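# Examination of the molecular architecture
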There are 2 protein chains.
Amino acid sequence: MYLEERRQAILNLIANHGRVSVSDLSARFDVSEVTIRADLQALAERGLLVRTYGGAISTTYSLQELSLLQRRQQHIPEKQRIGAAGAALIADGEAVFLDSSSTALAVAQHLKSRRDLTLVTNSLVIAQEMLGLTEITVVMPGGTLHHDTVSLIGPDGLAFLEKYHIRKGFFGAYGLSLDAGLTDGSAPESEIKRALVELCHTVIVVADATKWGRVGVTSYASLADVDTVITDDQAPSDLVAQVRAAGVEVVIV
Amino acid sequence: MYLEERRQAILNLIANHGRVSVSDLSARFDVSEVTIRADLQALAERGLLVRTYGGAISTTYSLQELSLLQRRQQHIPEKQRIGAAGAALIADGEAVFLDSSSTALAVAQHLKSRRDLTLVTNSLVIAQEMLGLTEITVVMPGGTLHHDTVSLIGPDGLAFLEKYHIRKGFFGAYGLSLDAGLTDGSAPESEIKRALVELCHTVIVVADATKWGRVGVTSYASLADVDTVITDDQAPSDLVAQVRAAGVEVVIV
DNA sequence: GTTTACTTTCGATTTCTTTCATTGTAAAAC
DNA sequence: GTTTTACAATGAAAGAAATCGAAAGTAAAC
């Protein structure tokens, strides 16, 4: 039996039983456990199964996709620094837009002590965060609730937003690259962002180092649309230099 | 059973029951309580559950804790009965409006197991409550966040809502009386309700016994606009009789 | 005969889990 | 309101199993 046959057989077993153990596979295919481990590692790297201690399980039974609640808890110190830097760009009396990314939420969290601010957002989480802060006016566009981003999405929201003169818009992104510009994971989410990039006088991208060079499903802006990028000190310096050469201000915190 | 499988099973249990206990999990999976605690800690660090003394609860359940409205809600069996009766009036596939009252929230809570529903609401609390229920479409009008009612209010939201064909609207009220009809505490809140009473084919008022005979600052509908009132068995029978005589169906639960 | 891809052996390490003693906590009983 | 009381959490230590790294073995391919 060849390596590829064995690995295919392992995948079949997982498809049928949901789980396999290293010792069982070793006995079944009459190879050492080390070999089986190499198989499982290779298959796991291709995302075909999830490795566990002692075996492997089907990807469908593995831990759930990251929700906003979980994304919120990733890269916390970086996001907080980025959030503080973003909030520092906002003057009292301004109207700003914040999108439904977890980094934009970090910006919002640093606005809590501010007064006389109009905050436009389609993120329910940001709205919730601002509850009780009566000095801050929170405006939301209408739309349909998207469960994964906890935000309101829809064409009617855009018409609503056009009435506002929004000075600055803060946008998160799934990825930030020279060719694809700013990219996101879902198309409808992208659409509302695309319209808002047009609408905002100043476009500020808040993105931690992990976003650099990554490309998502849909683009919502090119780098030419962007005025400022706020990122952390782990951002790859070659990419930062290239983006700066493209005329974008890059703030590193 | 592998570690990942056990942890996934714990998450499933929490998703179904809302809560788990360390001792139950220890017995169920036949591992020590120390191991379960390590599992819960790991899952809590990833934001997949919220740790409590003796067990853990769902993250969405703990978000509810944030809302005073909801906490108040949980201790009032009358509102729950009214909510259940209201939910029973809603057929699958319908589009319904729920306002930002705590009684309308009780209706929403009884819709959680339903499928193929469109729920229009200006209440952030209701939207939050429906998070993760992907079978239910939640639509919100645009507007400005009102901190006291945790709802979106504004003239633009109305134009947005006119596009929807909403069969049934559920309205709470500060007061319900023969002369003043349905009254509320704040004028802008009233305005959006007034428009929606016009819009909805069927107007259903959900109001516990304390609301009868009370009059608030502004009226948003007369009894002639109302099709059904759902209330509890403490409602004053003389008023109930008069309202029935005015042609309104009164459901007592 | 050498190269290449795959596999094995064998310690050293790591991971997972348990036990036990100690400290901490919530809520009932006073 | 405080004191009990029963239960829960934590830290340290230890054992069993799984994993990893590196070197060595095997067999087909060039």
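Residues numbered from 1 in each chain as written. Chains lettered and ligands numbered in written order. Predicted model: local features only at pLDDT ≥ 70, side-chain atom pairs only at ≥ 80, totals over all residues. Heavy atoms only, no water.

### Digging into the environment of A:Q80
Residues and elements named next belong to chain A. The cut-off we apply is this: Runs of H or I in DSSP of at least four residues are treated as helices and runs of E of at least two as strands, each being numbered from the N terminus. Should any heavy atoms of two residues lie within 4.5 Å, those residues are considered in contact. In protein, a polar contact means a hydrogen-donor-capable atom and an acceptor-capable atom, both N or O and within 3.5 Å, with residues adjacent in sequence counting only if both atoms are side-chain atoms; elsewhere, any N or O pair within 3.5 Å suffices.
Inspection of the secondary structure puts Q80 in helix α5 (residues 76-88). Taking the C-alpha atoms as reference points, Q80 and T103, 23 residues apart in sequence, are found 8.0 Å from one another. Not counting residues up to four positions away in its chain, the partners in contact with Q80 are A106, Q109 and H110. At 3.2 Å, the side chain of Q80 and the side chain of Q109 are in polar contact.

### Side note on the pairing of strand β6 (residues 136-140) of chain B
Let me state the cut-off plainly: Exposure classes here rest on a 1.4 Å probe applied to the protein chains alone. A residue is buried below 20% of its type maximum, exposed above 50%, and partly exposed in between. Note: two strands are recorded as paired if DSSP finds a minimum of 2 bridges between them.
In terms of burial, β6(B) is a largely internal element, 4 of the 5 residues being buried. By the bridge criterion, 2 bridges tie strand β7 (residues 143-146) of chain A to β6(B) in an arrangement that is antiparallel. Paired with A:T144 across the bridge in β6(B) is B:V139. Relative to β6(B), strand β5 (residues 117-121) of chain B runs parallel, the two being bridged by 4 bridges.

### Topic: the packing of aromatic side chains
The condition is simple: Two rings belonging to Phe, Tyr or Trp (six-membered ring only in the last case) form a pair when the distance between their centres is within 6.5 Å. Interplanar angles under 30 degrees mark stacking, angles over 60 mark edge-to-face geometry, and anything in between is tilted. Think of it as a cone above the ring: NZ of Lys or CZ of Arg counts as a charge over the ring if it is within 6 Å of the ring centre and within 35 degrees of the ring normal.
Applying the stated criterion to the full structure yields 4 aromatic pairs over all chains. Relative to A:F171, the ring of A:F97 has its centre 5.5 Å away and its plane inclined at 40°; by these criteria the two rings are tilted. In this pair, A:F97 is assigned in strand β4 (residues 95-98) and A:F171 in strand β9 (residues 168-171), connecting sequence segments 74 residues apart. With respect to class, A:F97 is no different from A:F171; both count as buried. By way of ring pairs, the aromatic residues A:F97, A:F171 and A:Y220 are connected into one cluster. Sitting over the ring of B:Y2, A:R19 keeps its end group 4.5 Å from the ring centre. Sitting over the face of the ring of A:Y174, A:R214 holds its NZ or CZ atom 4.0 Å from the ring centroid.

### Comments concerning the packing of helix α6 (residues 77-88) of chain B against helix α7 (residues 102-109) of chain B
Residue and element names in this part refer to chain B. Stated formally: Axis definition: a line fitted to C-alpha atoms, over the contacting stretch in the case of helices. Angles run 0 to 180 degrees between N-to-C directions. Comment on the angle field: the value is read as roughly parallel under 35 degrees, roughly antiparallel over 145, roughly perpendicular from 65 to 115, and oblique elsewhere. Working rule for handedness: look at the near helix, and if it is turned counterclockwise from the far one by less than a right angle, call the crossing left-handed; if clockwise, right-handed. Residue polarity follows a fixed list, in which Ala, Val, Leu, Ile, Met, Phe, Trp, Tyr, Cys and Pro are nonpolar, Asp, Glu, Lys and Arg are charged, and the others, Gly among them, are polar.
With their axes 7 Å apart at the nearest point, α6 and α7 run at an angle of 60° to one another. Taken together, α6 and α7 sit at an angle that is classed as oblique. Once α6 is placed against α7, the crossing between them reads as right-handed. Facing K79, Q80, I82, G83, G86 and A87 of α6, the residues of α7 in contact are S102, T103, A106, V107 and Q109. When its residues are assigned to classes, the contact of α6 with α7 shows 4 nonpolar, 6 polar and 1 charged.

### Re the interface of chain A and chain B
This is how it is decided: As used here, buried area is the combined drop in accessible area, with a 1.4 Å probe, of two parts when they are placed together. Salt bridge criterion: a side-chain nitrogen from Lys or Arg within 4 Å of a carboxyl oxygen from Asp or Glu.
At the interface, 41 residues of chain A touch 37 residues of chain B. Summing both partners gives a buried area of about 3,200 Å² for chain A against chain B, and 61% of it is carried by carbon and sulfur. Our count for the contact surface shared by chain A and chain B stands at 1 salt bridge. Between the two partners, chain A and chain B, sit 9 residue pairs in polar contact (both at pLDDT 80 or more). Of all the secondary-structure elements, those providing two or more residues to the side of chain A that touches chain B are β1 (19-21), β2 (50-52), β3 (55-57), α4 (68-71), α7 (124-129), β6 (136-140), β7 and α8 (155-161) of chain A. Looking at side-chain class alone, the side of chain A that touches chain B contains 21 nonpolar, 16 polar and 4 charged residues.

### Comments concerning unusual backbone geometry
At A:D116, a residue that is not glycine, the phi angle is positive and equals roughly 50°. For A:D116, the position within the fold is in the loop between α6 (102-109) and β5 (117-121). Here B:D30, not a glycine, exhibits a phi torsion of approximately 55°, which is positive. Here B:D30 lies in the loop between α2 (22-29) and α3 (33-45). When its relative accessible area of 69% is taken as the criterion, B:D30 is described as exposed.

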